[in-house]
2 protein chains.
Amino acid sequence: MTTADNGVNVQALLDARQALKDAPEAAQFTWRASSRWDHGVHSTTTIEKFFGLGQEQTHKAQSTFEADHPAVFAAEDNGITPIEYLLVGLAGCLTAGVASVAQNRGIQLRSVEAHVEGQHDIRGILGDGDVRNGYEGIKVTFNIDADASRQEIEALVAQSQKRSAVFDALTNPTDVTVEVA
Amino acid sequence: MTTADNGVNVQALLDARQALKDAPEAAQFTWRASSRWDHGVHSTTTIEKFFGLGQEQTHKAQSTFEADHPAVFAAEDNGITPIEYLLVGLAGCLTAGVASVAQNRGIQLRSVEAHVEGQHDIRGILGDGDVRNGYEGIKVTFNIDADASRQEIEALVAQSQKRSAVFDALTNPTDVTVEVA
């Protein structure tokens, strides 16, 4: 029995896992984003609706995100670069996992910080076929203050990584189809 | 000769490509994000500085992003889910590429919209080892109005995909290291 409270409703997640075992079609989610070109390499992307648990769902609020290139790429820097959004997703996913696993293990968290760095040789996107377009590698460093030993904290992070959607999406290939309507 | 103006400084990019051929160390960029756990699976990620062209760089403004899980995951929906951030990055990257390639080819764009959908079987993140944690697949559909034939528009999109940092990061594996400080 634990009194740890990290704000994660672990029982609901365990119940969902059990329920979805018997109803795999409800586990099929579709996440959606719509973007609009603004000017130059600046675009605005909106997220509001998704599909899951067999029906259309709506986020509490519509979210809007600006993407651009920085001044060193001769652009206007109206938002972060597209590839930086991958780091946002990775940090958020691993942190959510740490909180969830900690709750499930009865570990009280006090603070969780992550610093993410992606190494990127930009010769690829500029047209050098011998250099990949994406990240050469990404490093995540956690600073966690919790009611737990260092070994327990490392185990939290390892389990978070093992079940992270974004970690998987970055470390393993995903089929991406791009077409013109 | 073209009078197309999509707002992309293609000459600067072509100059950069040439300059970086002779100075590959300047092409080594490090993109960075820092996140802080808020409560539950809610976290806040900040992006401001990066390294490139051999020195520290700063975005025009600091950007802050909220990540959370939606109500159907028994969470508070204070932001989009981490895995949705990947769709934001993908849309922004391919759109920037379309604008850049169009500029380089002298094609005037009038509007570019993209709709991105990621298929996600959430049984993976809930612990089913037979289901992957990340996306099963992603589909991007472009609606482009431009001073060009359908064939030219399809070629723009194909070339954008070929040089997209985020498309590469999602379709090919990247080494991601996660550690506790």
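Residues numbered from 1 in each chain as written. Chains lettered and ligands numbered in written order. Predicted model: local features only at pLDDT ≥ 70, side-chain atom pairs only at ≥ 80, totals over all residues. Heavy atoms only, no water.

Quick look at the interface of chain A and chain B now. Taken together, the contact pairs 122 residues of chain A with 122 residues of chain B. Taken together, the two surfaces of chain A and chain B that pack against each other cover about 10700 Å², and 61% of this comes from carbon and sulfur. Of all residues in chain A, the largest losses of buried area upon contact with chain B belong to W31, W37 and R163 of chain A, amounting jointly to 8% of the total for that side. Taken together, chain A and chain B are joined by six salt bridges. Among the salt bridges present, the one from E117 of chain B reaches R32 of chain A, with a minimum N-O distance of 3.3 Å. Ranked by residues supplied to the side of chain A that touches chain B, first place goes to helix 2 (residues 82-104) of chain A with 17 residues. Relative to strand 4 (residues 109-121) of chain B, strand 1 (residues 28-39) of chain A is paired through nine bridges, and the arrangement is antiparallel. Opposite S35 of chain A, over in strand 4 of chain B, you have A114 of chain B as the bridge partner. (Contact = heavy atoms within 4.5 Å. Buried area = accessible area lost by both parts, 1.4 Å probe. Salt bridge = Lys/Arg side-chain N within 4 Å of Asp/Glu carboxyl O. Helix = DSSP H or I, 4+ residues; strand = E, 2+ residues; numbered from the N terminus. Pairing = 2+ DSSP bridges.)

Take the packing of helix 2 of chain A against helix 3 (residues 150-162) of chain A next. To describe two helices that pack against each other, one gives the angle between their axes and the distance between the axes. Residues and elements named next belong to chain A. Running from amino to carboxyl end, helix 2 crosses helix 3 at an angle of 120°, the nearest separation of the two axes being 8 Å. For the element pair helix 2 / helix 3, the angle class is oblique. Considering how the two elements wind past one another, helix 2 and helix 3 form a crossing that is right-handed. Contact residues: helix 2 offers C93, L94, G97, V98, V101 and A102, while helix 3 offers L156, V157, Q159, S160 and Q161. Broken down by class, the residue content of the contact of helix 2 with helix 3 amounts to seven nonpolar, four polar and no charged. (Axes fitted to C-alpha atoms, helices over the stretch in contact; angles between N-to-C directions. Parallel < 35°, antiparallel > 145°, perpendicular 65-115°, else oblique. Left-handed = near helix turned anticlockwise from the far one by under 90°. Nonpolar A, V, L, I, M, F, W, Y, C, P; charged D, E, K, R; others polar.)

Below, the discussion takes up the packing of helix 1 (residues 10-21) of chain B against helix 2 (residues 82-104) of chain B. Residues and elements named next belong to chain B. Two elements in contact, helix 1 and helix 2, have axes whose closest approach is 9 Å; the angle formed by their N-to-C orientations is 95°. Accordingly, the angle class assigned to the pair helix 1 and helix 2 is roughly perpendicular. Seen from helix 1, the contacting residues are V10, L13 and L14; seen from helix 2, they are S100, Q103 and N104.

One pass over the full model with this rule turns up 16 aromatic pairs over all chains. When the centroid spacing of 6.4 Å and the interplanar angle of 15° are considered together, the rings of Y85 of chain A and Y85 of chain B count as stacked. Taken as a pair, Y85 of chain A in helix 2 and Y85 of chain B in helix 2 lie in two separate chains rather than in one. Across the pair, exposure class does not vary: Y85 of chain A and Y85 of chain B are buried alike. An aromatic cluster is built from F29, W31 and F50 of chain A together with F73 of chain B, whose rings are joined through pairwise contacts. (Phe/Tyr/Trp six-rings, centres within 6.5 Å; stacked < 30°, edge-to-face > 60°. Buried < 20%, exposed > 50% of the residue type's maximum accessible area, 1.4 Å probe, protein only.)

The strand order across the open sheet formed by six strands is 3(B)-2(B)-1(B)-4(A)-5(A)-6(B), and the pairing between neighbours is mixed. Every interior strand has two partners, whereas the edge strands, strand 3 (55-67) and strand 6 (176-180) of chain B, have only one. Neighbour to neighbour, the strand axes of the sheet diverge by 15° on average, direction disregarded. Seen against the sheet, helix 2 of chain A touches strand 4 (109-121) and strand 5 (137-146) of chain A together with strand 1 (28-39), strand 2 (42-52), strand 3 and strand 6 of chain B and runs at an angle of roughly 150° to strand 4 of chain A.

Taken in spatial order, the six strands make up an open sheet running 3(A)-2(A)-1(A)-4(B)-5(B)-6(A), and their pairing is mixed. Looking at the sheet topology across the chains shown, the edges are occupied by strand 3 (55-67) and strand 6 (176-180) of chain A. The average undirected angle you get between the axes of adjacent strands in this sheet is 15°. Where strand 2 (residues 42-52) of chain A meets strand 3 of chain A, nine bridges bridge the pair, whose relative direction is antiparallel. Residue pairing for strand 3 of chain A: G52 of chain A is matched across the bridge by Q55 of chain A. Helix-sheet contacts for helix 3 (residues 150-162) of chain B involve strand 6 of chain A together with strand 4 and strand 5 (137-146) of chain B, and the interaxial angle to strand 6 of chain A is about 155°.

This brings us to the relation of the copies chain A and chain B. Superposing chain A onto chain B requires a rotation of 180° together with a translation of 0.0 Å along the rotation axis, leaving an RMSD of 0.0 Å. Both copies are brought into coincidence by an operation consistent with a two-fold rotation axis. Mapped onto chain B, 100% of the interface residues of chain A again fall at the interface, so both copies present the same surface. (Least-squares fit on C-alpha atoms with pLDDT ≥ 70 in both.)

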